[in-house]
Amino acid sequence: MPRTALITGATAGFGRAAARKFIAAGWQVIATGRRSDRLDALRAELGDALHPACFDIRDEAAMRAALDALPERFRGIDLLVNNAGLAQGTKPAQDAQLSDWKTMIDTNVTALVTLTHALLPTLIARKGAVVNISSTAATYPYTGGNAYGGTKAFVSQFSLGLRADLHGTGVRVTTIEPGMAETEFTVVRTHGDQAASDKLYGGANPMTAEDIADTIFWVASQPAHLNINRIELMPTSQSFAGFQVHRD
Ligand code: NDP
Ligand code: 8X3
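Residues numbered from 1 in each chain as written. Chains lettered and ligands numbered in written order. Predicted model: local features only at pLDDT ≥ 70, side-chain atom pairs only at ≥ 80, totals over all residues.

Looking now at the site of ligand 1. With respect to spatial proximity, 28 residues lie near ligand 1, and among them Gly9, Gly13, Arg34, Gly85 and Thr183 are the closest. For the shell around ligand 1, the elements supplying multiple residues, two or more each, are α1 (13–24) and α6 (185–189). Here the shell around ligand 1 takes 3 residues from α1, the largest share from any one element. Its residues assigned to classes, the shell around ligand 1 comprises 12 nonpolar, 10 polar and 6 charged. (Near = placed C-beta within 6 Å. Helix = DSSP H or I, 4+ residues; strand = E, 2+ residues; numbered from the N terminus. Nonpolar A, V, L, I, M, F, W, Y, C, P; charged D, E, K, R; others polar.)

Laid out in structure tokens, this is it:
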């Protein structure tokens, strides 16, 4: 019987690349997202090893209905990849939209903990694993990162807490903290500004969705006695800058 991964946010970016990677390696994948046309296309591409589950991850009732509706052969989930997430806005806090902050918190934090809580009994029964997609923004603040960085700091710290609580259960927990990777992330963040996305990534040789999918897969492929706690990765072109100083 193949192992089963539930990958949230599999209609684009890291999640879609991960769905392809895991299915190519013989896993079954439950792929989630809101865009049913993308999920249908992925099902057509990858075949019946993929189960599409279309729902807004912020909608707890829809999430639970999708879990309840899983076909029998997809119910034994061995791996939860909490990947669905987003940034909204690049403005400093004093100019940011509160609605953008709430969207990020609802998606990156509340939905992530809700799904994790729902799947813990299954994951414990199967000695499974959780991979949480955080960000370098969890550790390194930058102007305009405000609530996004806050949500990702939550994800990283929640992962460590989960790991402590799951001590002795055999369930593994890993946080992956990527830096700049070219996906639909910046188009979403800028509310649809493809030119801004092209400008950000242009000439920077950013990481790709496949780089992160390979990392998720590598984590999931480690032997049961080995837990990767945390991985931080960046493109070679990206590094650190100093503090800013305001002068009168
Ligand atoms: P994409 O925008 O390419 O993909 C995001 C995925 O999340 C989509 O499949 C989208 O599906 C899903 N998603 C977003 N909101 C919801 C929602 N309300 N309900 C269901 N699904 C949702 O971005 P990435 O692949 O880059 O991002 C994946 C994760 O990686 C995110 O958590 C992001 O914060 C993180 N990350 C990204 C980095 C980057 O540089 N790209 C770096 C570090 C971390 P749909 O729209 O169909 O619902
Ligand atoms: C996405 C990376 O640097 O845009 O998490 O915050 S960054």
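This paragraph deals with the pairing of strand β4 (residues 79–82). For a regular strand, side-chain orientation follows a simple rule: the groups alternate between the two sheet faces. Burial along β4 is two-sided: Leu79 and Val81 and Leu80 and Asn82, pointing in opposite directions, are all buried. Relative to β4, strand β1 (residues 4–7) is paired through 3 bridges, and the arrangement is parallel. Note on β4: the bridge partner recorded for Ala5 is Leu79. As paired strands, β4 and strand β5 (residues 129–133) are joined by 4 bridges and run parallel to one another. (Buried ≥ 20, exposed ≤ 12 C-beta atoms within 10 Å, placed from the backbone. Pairing = 2+ DSSP bridges.)

Now for the site of ligand 2. Neighbouring ligand 2 are Ser135, Thr136, Ala137, Gly145, Gly179 and Met180. Looking at side-chain class alone, the shell around ligand 2 contains 2 nonpolar, 4 polar and no charged residues.

Our focus in this paragraph is the pairing of strand β2 (residues 28–33). Where burial is concerned, most of β2 is hidden: 6 out of the 6 residues are buried. Side chains Gln28, Ile30 and Thr32 of β2 all project onto a buried face; the interleaved residues Val29, Ala31 and Gly33 project onto the opposite face, where all are buried too. When β1 meets β2, the two strands line up parallel, connected through 4 bridges. Looking at β2, one finds that Ile7 is bridged to Ala31. Following the chain from β1 across α1 to the adjacent parallel β2, one finds a crossover that is right-handed. Pairing of β2 with strand β3 (residues 50–54), which is carried by 5 bridges, proceeds in the parallel orientation. (Right-handed = clockwise from strand over helix to strand, strands pointing away.)

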